[in-house]
Amino acid sequence: MTVRTAGDRRGAVVTGAGRGLGKEIARHLVAEGYTVLVTDVEAALVADTAAELGAEGMVLDVRDAERTDAVAARAVEVAGRLDVWVNNAGVLVTGPAWEQDEATRRLMVEVNTLGLMNGTVSAIRAMKDDGGGHIVNIVSLAGLVAVPGEGVYAGSKHGAIGFSLSTQCDLNLAGHRDINISCVCPDGIWTPMLHDKLDDPEAALSFSGKLLKPAEVVDAVARVLRKPRQVTPVPRWRGPQVRLVDALPDVSLKALPLMVGVGRRQQAKFRKNGVPE
Ligand SMILES: NC(=O)c1ccc[n+]([C@@H]2O[C@H](COP(=O)([O-])OP(=O)(O)OC[C@H]3O[C@@H](n4cnc5c(N)ncnc54)[C@H](O)[C@@H]3O)[C@@H](O)[C@H]2O)c1
């Protein structure tokens, strides 16, 4: 595994960086001295965030593989080398799969799974003959366990984990040991993705654990950038818990409705008392 020193830092790309967690990750990378390319599907968010952070911006829909290649090429052009690529862009639409139309299911799989694959492949191509690098994939605890109310999202995030781990193995087998892929799997985070779901009973499981501040997830990203790690649940203690639930599906599928109840009570509490800053 390659661990880079501060002197090595060059180009970094963050997808879905126009707001929420991606914006905070980009802010951290700028502060750490990387030349950051802020990307998002929303042009106005790209312009505002790039100006605020003093970074370069580029509109990117991660579903477009030609465009992820163009972003990787641009990062090399402006920074000399692509060192870090963070696949952060994601979409969550709640509800049972059979109540969602095909376009909604496709959107989640295309952004959360295929988009992350596109970014990973573009980054590997830019890194593999140019000193290696580090790909950080923002997944979710929903990539490690069943999530009633978020079935398609959970499926798309499980795909992201399976792809990331398999691709790391392929890189190692091919001798590209200087490229690391780290998956960060947070519990619910106070970002716009959850703020508008306080009234949504289908999103209850996202509120059943510890609601994280974006800064706590940025810290986890900073840790894996210092020391690559294949899968990092945030908070750490949720990792063994969800792994146990995942290992005993016959038992856990009976217990998960209890967690839905916990999440709905939490949502009611936040609606009554307000959400933390
Ligand atoms: N908020 C949570 O509770 C939570 C929990 C675990 C994991 N995550 C994951 O963290 C990541 C960031 O989520 P967030 O909470 O900041 O959400 P957010 O909705 O606040 O931000 C997501 C960003 O992705 C962008 N985006 C959407 N579709 C895109 C596309 N096709 N191409 C490029 N950009 C696109 C959006 O414009 C937005 O700026 C996502 O991958 C999400 O699944 C979030």
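In this convention, every chain numbers its residues from 1, walking through the sequence in written order. Local features in this predicted model are restricted to residues of pLDDT 70 or higher, and side-chain atom pairs are both shown and tallied only at a pLDDT of 80 or more, whereas totals for entire chains, interfaces and linings draw on every residue. Think of the side-chain values as coming from all heavy atoms in the structure, minus any hydrogens and water.

Asks: Describe the sheet that holds strand E5 (residues 133–138), and please don't skip the residues or the numbers.
Replies: For two strands to count as paired, DSSP must find a minimum of two bridges between them. Where helices and strands are cited, they refer to DSSP runs of H or I of at least four residues and of E of at least two residues respectively, numbered from the N terminus. Read from one edge to the other, the open sheet built from seven strands follows the order E3-E2-E1-E4-E5-E6-E7, with strand pairing classed as parallel. Each edge of the open sheet carries a strand with a single partner, namely strand E3 (56–59) and strand E7 (231–234). In this sheet, adjacent strand axes meet at a mean angle of 20° when their direction is disregarded. With four bridges joining them, strand E2 (residues 35–40) and E3 adopt parallel strand pairing. Across the sheet, threonine 39 pairs through a bridge with methionine 58, a residue of E3. Residue contacts are counted whenever heavy atoms from the two residues lie within 4.5 Å of one another. Only C-alpha atoms enter the line fits that serve as axes; for helices the fit covers just the stretch in contact. Angles between N-to-C directions range over 0 to 180 degrees. Seen against the sheet, helix H3 (residues 65–79) touches strand E1 (11–14), E2, E3 and strand E4 (82–87) and runs at an angle of roughly 165° to E3. With respect to the sheet, helix H5 (residues 151–173) is in contact with E5, strand E6 (179–186) and E7, its orientation differing from that of E6 by roughly 160°.

Asks: How would you sum up the confidence of the model for the protein? Please name residues and give values.
Replies: Mean pLDDT over the protein: 94, with 96% of residues reaching 70 or higher. pLDDT: the predictor's confidence for each residue, scored from 0 to 100. Low pLDDT (under 50) marks residues 1–6, which in the prediction has 15 contacts with non-local residues, meaning those over four places away or in another chain.

Asks: So what about the pattern of salt bridges? Which residues, and what values?
Replies: Salt bridges are defined by distance alone: a side-chain nitrogen of Lys or Arg within 4 Å of a carboxyl oxygen of Asp or Glu. Here the structure, examined in full by the defined rule, presents 15 salt bridges. The residue aspartate 199 makes a salt bridge to arginine 271 at a minimum N-O spacing of 3.6 Å. Linking aspartate 199 in the loop between helix H6 (192–195) and helix H7 (214–226) with arginine 271 in helix H9 (residues 249–273), this pair joins segments that are 72 residues apart in sequence. The exposed category is assigned to aspartate 199, whose relative accessible area is 62%. Each residue's exposure class comes from its accessible area (1.4 Å probe, protein chains only) as a fraction of the maximum for that residue type: buried when under 20%, exposed when over 50%, partly exposed otherwise.

Asks: So what about the nonpolar core? Which residues, and what values?
Replies: In this structure, Ile25, Leu29, Val36 and Val184 are the most contacted members of the largest nonpolar core, which totals 26 residues. Listed by contribution, the elements that provide at least two residues to this core are E1, helix H1 (20–31), E2, E4, E5 and H7. Top element by residues in this core is H7. It accounts for six residues. Apart from the residues lying within four places of it in its own chain, the contact partners of leucine 29 are Ala12, Val14, Tyr34, Val36, Val86 and Leu225. Among buried residues, those of type Ala, Val, Leu, Ile, Met, Phe, Trp, Tyr and Cys that are joined through side-chain atoms within 4.5 Å constitute a nonpolar core.

Asks: Before we move on, could you go through the state of the cysteines and cite the residues and values that matter?
Replies: Any two cysteine sulfur atoms lying within 2.5 Å of each other are counted as a disulfide. Evaluation of the coordinates by the stated rule reveals zero disulfides. Of all cysteine sulfurs, the one in cysteine 183 lies closest to cysteine 169, which takes part in no disulfide; the gap is 13 Å. A relative accessible area of 47% means that cysteine 169 is categorised as partly exposed. For the unlinked cysteine cysteine 183, the closest cysteine sulfur is that of cysteine 185, found at 5.8 Å.

Asks: I'd like a description of the pairing of E4, backed by residues and values.
Replies: For E4, the tally of buried residues reaches six of six residues, placing the bulk of the element in the interior. By the bridge criterion, four bridges tie E1 to E4 in an arrangement that is parallel. Across the sheet, the residue bridging to valine 13 is tryptophan 85, located in E4. Inspection of the sheet shows E4 paired to E5 by four bridges, in the parallel sense. Residue pairing for E5: tryptophan 85 is matched across the bridge by isoleucine 135. The parallel pair E4 and E5, bridged by helix H4 (residues 102–127), forms a crossover whose chirality is right-handed. If the strands point away from the viewer and the path from the first strand over the helix to the second runs clockwise, then the crossover is right-handed.

Asks: Residue-level account of the site of the ligand, with values.
Replies: Near, as used in this document, describes a residue that has one of its heavy atoms within 4 Å of the molecule or strand being considered. Near the ligand, the surroundings consist of 30 residues, among which Arg19, Asp40, Asn88, Tyr153 and Thr191 are the closest. Here aspartate 40 contributes a side-chain N or O atom positioned 2.6 Å from an oxygen atom of the ligand. In protein, a polar contact requires one atom able to donate a hydrogen and another able to accept it; more generally it is a pair of N or O atoms within 3.5 Å, and residues adjacent in sequence count only if both atoms are side-chain atoms. With respect to the ligand, the backbone of isoleucine 189 contributes an N or O atom lying 2.8 Å from an oxygen atom. Across the complex, the protein chains shield 94% of the 840 Å² of accessible surface that the ligand would expose by itself. Every element with two or more residues in the shell around the ligand is listed here: H1, H5 and H6. Take the shell around the ligand: its biggest share by element is three residues, from H6. By residue class, the composition of the shell around the ligand is 16 nonpolar, seven polar and seven charged. Residue exposure ignores everything except the shown protein chains as possible cover, and the areas themselves are Shrake-Rupley values with a 1.4 Å probe. As a working rule, the residues Ala, Val, Leu, Ile, Met, Phe, Trp, Tyr, Cys and Pro are called nonpolar, Asp, Glu, Lys and Arg charged, and the rest polar, with Gly in that last group.

Asks: Break down the environment of valine 217 for me, citing the residues and quoting the values.
Replies: Within the secondary structure layout, valine 217 lies in helix H7. For the pair formed by valine 217 and proline 186, sequence separation is 31 residues and the distance between their alpha carbons is 6.8 Å. In contact with valine 217, other than residues within four places in its own chain, are Leu21, Val184, Pro186, Ile189 and Leu212.

Asks: If you had to explain unusual backbone geometry to someone new, which residues and values would you point to?
Replies: With an omega of -5°, the peptide bond between valine 234 and proline 235 qualifies as cis. Looking at the element boundaries, proline 235 is found in the loop between E7 and helix H8 (238–247).

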